[in-house]
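Take a look at the letters that make up each chain.
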Amino acid sequence: MLDYKIKTESPTKRVVATCCNSAMFLDFQKGHWFSVYRARFAGNAPPLQLRVQTKFKPENCDIPNDVPSYRTYPFKFVAKLMAARVAMLIGR
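(A) Here's a closer look at a nonpolar patch on the surface. Taken together, the side chains of Phe 34, Val 36 and Phe 41 present a nonpolar region at the surface, about 290 Å² in accessible area. Within the secondary structure, Phe 34 sits in strand E4 (residues 33–36).

So this is what it looks like as structure tokens:
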């Protein structure tokens, strides 16, 4: 796998497979955010729960209504991330 950054100081790293040049995941290195391209994994992946940051979708792209979609990050989602971060910091 190879990783790329848009700029040297960018906090995000994009990782692609060297065999087929397919995107695998996005790592936000200043936090604990890790976005995985779900279609890259075989087997029974957990179901989608929500979509975030849909404000960046292309204009001609329709978003399915199978799960809730949010233009930004909903408060409940951010609260869960913060709770997970606290749990990691105290060693649970």
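(B) Looking closely at the pairing of strand E2 (residues 12–16). Among the five residues that make up E2, four are buried, leaving the element largely enclosed by the rest of the structure. The pairing of strand E1 (residues 2–4) with E2 spans three bridges and is classified as antiparallel. Counted as the bridge partner of Tyr 4 is Arg 14 from E2. Direction of pairing for E2 relative to strand E3 (residues 23–28): antiparallel, over a ladder of five bridges. Across the sheet, residue Val 16 finds its bridge partner in E3, namely Ala 23. The antiparallel hairpin formed by E2 and E3 contains six residues in its connecting segment, where Asn 21 sits at a positive phi of about 60°.

(C) Summary view of the pattern of salt bridges. Summed over all chains, the structure comprises one salt bridge. Here Asp 66 and Arg 51 are joined by a salt bridge, their closest N and O atoms 2.8 Å apart. Separated by 15 residues along the polypeptide, Asp 66 in the loop between E4 and helix H1 (75–89) and Arg 51 in the loop between E4 and H1 bring together distant segments of the chain.

Rules used throughout
- Residues numbered from 1 in each chain as written.
- Predicted model: local features only at pLDDT ≥ 70, side-chain atom pairs only at ≥ 80, totals over all residues.
- Heavy atoms only, no water.
- Patch = residues over 30% accessible without salt bridge, like charges linked within 9 Å, V, L, I, M, F, W, Y side chains within 5 Å.
- Areas by Shrake-Rupley, 256 points an atom, 1.4 Å probe, with all protein chains shown as cover.
- Salt bridge = Lys/Arg side-chain N within 4 Å of Asp/Glu carboxyl O.
- Helix = DSSP H or I, 4+ residues; strand = E, 2+ residues; numbered from the N terminus.
- Buried < 20%, exposed > 50% of the residue type's maximum accessible area, 1.4 Å probe, protein only.
- Pairing = 2+ DSSP bridges.

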